[in-house]
Every structure is written in structure tokens, then in C-alpha cells.
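Each chain is listed here by its residues.
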Amino acid sequence: MKMKKTERIGAIVKILLDNPNKIFTLGNFADEFHTAKSTLSEDIVVVKNVFQRLNLGKIITISGASGGMKYIPYMNSENILEVLTELCEKISDPERQLVGDFFYLIDLIYNPVYTRQIGEIFASIIDYSETDYVVTIETKGIPMALMTARAMNLPLVIIRKNIKVSEGPTVGINYLSGTSGTIQSMSLSRKSIKPNSKVILIDDFMRKGGTLKGMEELMKEFSAEVVARGVFMEANPNEKKEIDNYISLIHIQSQGDEKIIVPNRKALDCNTTSKSVSI
């Protein structure tokens with residue numbers, strides 16, 4: 001049964017939003033909606049213009065005989081700043097501060113609305129055009145890493161702190177945790193990452209960078225290249241870290257006994273230079 005124009009546009013939007021960074025040819029939609037490709041081209045122009053005008057992401061059209069389109073989750077600098085500012089205001093609540101300069105974040109980083117936005121922010125400021133995997137370490141970083149992987153349409157790989165028998169042979173290393181100051185271990189199944197892959201590391205919190213450095217050392221055991229590193233929150237950004245070349249979204253700055261939570265405006269600069277949204 002043929003569909004009306006408004007019905008087709010609604011269905012196209014739904015399909016694209018459910019499948020970020022996946023290419024759909026005009027043939028896919030023509031078979032689905034029993035509609036001529038020329039008519040669908042007009043529908044796609046409408047969808048693309050609406051997304052562009054309302055900053056809902058990017059619709060990339062692909063020309064040629066097998067041309068089509070794909071939806072790329074993308075937030076501009078203004079929207080990123082709005083989201084990060086809202087998160088900073090929530091985190092700044094005095095009741096969230098715990099002993100040892102830690103903050104209660106579980107309700108935020110396990111909230112699907114916020115983790116989706118965080119994932120789309122990472123996808124907007126990190127060039128993932130040639131990346132094979134998103135990699136994180138259990139446990140609190142998993143939700144935002146999963147949403148980042150979804151926005152980028154990449155597989156998620158989770159490094160374990162404890163060996164799981166169900167994962168088969170593993171590779172493990174010891175590392176110095178900057179948060180606890182103790183020697184800890186991390187491991188990963190040999191089947192998780194193909195040799196010579198390119199990966200993006202995502203973590204929820206960084207104090208001195210020991211965990212991210214350990215993750216990077218573990219990637220070397222798989223002959224994998226780390227092309228980018230993303231961190232949700234960074235403590236004391238002016239202090240020297242164990243790693244370089246990372247992107248943090250929120251900074252915790254100490255002013256005496258007071259903790260100031262602010263968006264990292266340097267991350268917004270990356271938003272204007274990312275190549276991830278191009279074909």
C-alpha cells in the first residue's frame with residue numbers, strides 16, 4: 001500500500017533516528033514505501049532541511065546510482081554548552097559532594113537522557129571516521145561509552161577489572177589508579193579486538209590519568225592504535241596528567257575548600273574541526 005507524503009517523512013525520520021550512521025539507499029525506502037525514487041528524493045530534501053534548521057543532527061545525502069542518506073548525531077557548540085552547563089549545575093549541588101573530593105553521579109551517568117546526550121557530544125567533537133571500536137573500562141563509564149558507540153555506529157568493547165571465565169583467554173596488565181593510588185589490574189578477551197584496529201577510549205572520570213594510561217597500554221598488547229581519548233569529568237585540569245591528547249567535557253577546579261564545576265570550553269573548539277560528520 002502506497003503511503004502519503006507525511007507518512008513517508010515520519011517513517012523516514014524514525015528509521016534514521018533508530019539507526020545513526022547507517023546508510024540507507026533510495027532503493028531501501030522505495031521498496032519499503034512502494035514509492036518512486038524521484039518522489040523519495042523530494043522527501044529526503046524536506047527531512048534534511050528540517051534537521052538543519054532545528055539543529056537536530058545532520059542528514060548526509062550520497063549521490064550516484066546507489067545513492068541514499070544517513071543520519072549523523074551531531075550537536076553544535078551552542079547545544080553542547082547548554083547540555084554541559086545543565087549537568088554542571090546539577091553536579092554542583094552541595095549534597096552531591098562526598099568524602100575525598102568525589103561526587104555522587106550515579107543518577108546522572110545512568111540516566112538514558114543524559115548518557116545519550118554525552119554520547120552525541122563525544123560523537124560531535126571526536127573524529128571517528130576511521131575508527132573500529134569504542135573502548136571503556138567497567139563499570140560507571142559503560143552507559144556513556146555505549147551511547148557514544150551507538151552514535152558512532154561502532155562496536156563497544158569493555159575492559160574488565162576482574163577476569164571473566166566466560167570470555168575465554170584474556171590479556172591482562174597491572175596499572176596505577178590515579179583515583180585510589182593503588183595498583184589494580186585490567187583484562188580483555190583476546191577475541192575482543194582485531195589486531196591493528198583503531199580505537200577510541202571513553203571513561204567517566206579522570207584524576208591523574210592512570211586508568212586511561214593503563215587502557216592505552218592494554219591496547220598495545222592488541223597492536224591497536226588509540227586515535228582519541230574522551231573523559232566525562234576531569235579533576236584539577238591544570239595538574240600534569242599521565243597522558244596527553246585527551247578531551248574532557250567537564251572540569252572540577254579547586255578554589256580553596258570550594259569545588260567549581262564548569263564545562264571545558266576547549267571541547268567546544270573541537271566541535272568546529274571534527275571530520276566525523278563528513279563523507
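The name given to the chain in an unreviewed UniProt entry is Pur operon repressor PurR, with the source organism recorded as Filifactor alocis. UniProt, in its Subunit (unreviewed entry) section for the chain, records the words "Homodimer." A UniProt comment under Sequence similarities (unreviewed entry) is attached to the chain, and it reads "Belongs to the purine/pyrimidine phosphoribosyltransferase family. PurR subfamily."

Undergrad: Mind showing me how you'd approach the sheet that holds strand β3 (residues 68-72) here?
TA: Backbone hydrogen bonds are what pair the strands of a sheet, in a parallel or an antiparallel way. Pairing within the open sheet is antiparallel, and its 3 strands lie in the order β1-β3-β2. Edge positions in the open sheet fall to β1 (24-25) and β2 (58-62), since each of these has one partner strand only. Note: β2 against β3, 5 bridges, orientation antiparallel. Following the sheet pairing, Ile 60 is matched in β3 by Lys 70. Each of β1, β2 and β3 is contacted by helix α1 (residues 5-18), which is oriented at about 60 degrees to β3, the strand it contacts most.

Undergrad: When you look at a negative patch on the surface in this model, what are you seeing that I'm missing?
TA: Taken together, Glu 78, Glu 82, Glu 86 and Glu 89 make up a surface patch of like negative charges. Within the secondary structure, Glu 86 is located in helix α4 (residues 77-91). Relative accessible area serves as the criterion here: at 35%, Glu 86 is assigned to the partly exposed category.

Undergrad: So what exactly am I meant to see when it comes to α4 here?
TA: Two residues of an α-helix separated by three or four positions point the same way, owing to the 3.6 residues in each turn. Here α4 contains 15 residues, and its C-alpha end-to-end distance of 21 Å stays within 8% of the 21 Å for a straight helix at 1.5 Å per residue. Along its buried surface, α4 packs onto α5 (106-109), α6 (112-125), β9 (225-235), β10 (247-255), β11 (258-263) and α9 (265-271).

Undergrad: It is not clear to me how the pattern of salt bridges should be interpreted in this structure. Could you clarify?
TA: If the charged atoms of two oppositely charged side chains come close together, the side chains can form a pair. Within the structure shown, the criterion is met by 11 salt bridges. Residue Glu 216 is joined to Arg 229 by a salt bridge in which the shortest nitrogen-to-oxygen separation is 2.9 Å. Here Glu 216 is found in helix α8 (residues 210-220), whereas its partner Arg 229 is found in strand β9, with 13 residues between them in sequence. On the basis of relative accessibility, which here comes to 10%, the residue Arg 229 falls in the buried class.

Undergrad: How should the packing of aromatic side chains be read in this particular structure?
TA: What characterises a pair of aromatic rings is the spacing of the ring centres plus the angle enclosed by the ring planes. A complete count under the given rule lists 3 aromatic pairs for this structure. Taking 5.7 Å as the distance between ring centres and 25 degrees as the angle between the ring planes, the aromatic pair formed by Phe 24 and Phe 29 counts as stacked. By relative accessible area, Phe 24 is classed as buried at 10%. Between Phe 29 and Phe 33, the aromatic rings sit 5.8 Å apart at their centres with planes inclined by 5 degrees, giving stacked as the arrangement. Linking Phe 29 with Phe 33, this pair stays in helix α2 (residues 26-33), spanning 4 residues, or about one helical turn. Classification of Phe 29 by relative accessible area gives buried; the value is 2%.

Undergrad: Explanation requested: the domain arrangement of the chain in the structure shown.
TA: Interface size is commonly expressed as the accessible surface area that is lost when the partners come together. The assigned domain composition of the chain is domain 1 (5-72) and domain 2 (77-270). Averaged C-alpha coordinates put domain 1 and domain 2 at centres separated by 33 Å. Of the residues lining the interface, 8 residues belong to domain 1; the matching set on domain 2 comes to 7 residues. Taking both partners together, domain 1 and domain 2 bury about 470 Å²; carbon and sulfur atoms supply 31% of that area. Three residues stand out in domain 1 for area buried against domain 2, namely Pro 20, Asn 21 and Asn 55, and they jointly supply 72% of the buried area on that side. Counting across the domain 1 and domain 2 interface gives 0 salt bridges. On the surface where domain 1 and domain 2 come into contact, there are 4 residue pairs in polar contact (both at pLDDT 80 or more). A per-class count over the side of domain 1 that touches domain 2 returns 4 nonpolar, 2 polar and 2 charged.

What counts, and at which threshold
Residues numbered from 1 in each chain as written. Predicted model: local features only at pLDDT ≥ 70, side-chain atom pairs only at ≥ 80, totals over all residues. Heavy atoms only, no water. UniProt positions renumbered as here; feature names shortened; annotations may be inferred. Pairing = 2+ DSSP bridges. Helix = DSSP H or I, 4+ residues; strand = E, 2+ residues; numbered from the N terminus. Contact = heavy atoms within 4.5 Å. Axes fitted to C-alpha atoms, helices over the stretch in contact; angles between N-to-C directions. Patch = residues over 30% accessible without salt bridge, like charges linked within 9 Å, V, L, I, M, F, W, Y side chains within 5 Å. Areas by Shrake-Rupley, 256 points an atom, 1.4 Å probe, with all protein chains shown as cover. Salt bridge = Lys/Arg side-chain N within 4 Å of Asp/Glu carboxyl O. Lys, Arg positive; Asp, Glu negative; His and termini not counted. Charge placed at Lys NZ, Arg CZ, Asp CG, Glu CD. Buried < 20%, exposed > 50% of the residue type's maximum accessible area, 1.4 Å probe, protein only. Expected span 1.5 Å × (residues − 1). Phe/Tyr/Trp six-rings, centres within 6.5 Å; stacked < 30°, edge-to-face > 60°. Domains from an automatic or database assignment. Buried area = accessible area lost by both parts, 1.4 Å probe. Polar contact = N/O pair within 3.5 Å; in protein donor to acceptor, adjacent residues only side chain to side chain. Nonpolar A, V, L, I, M, F, W, Y, C, P; charged D, E, K, R; others polar.

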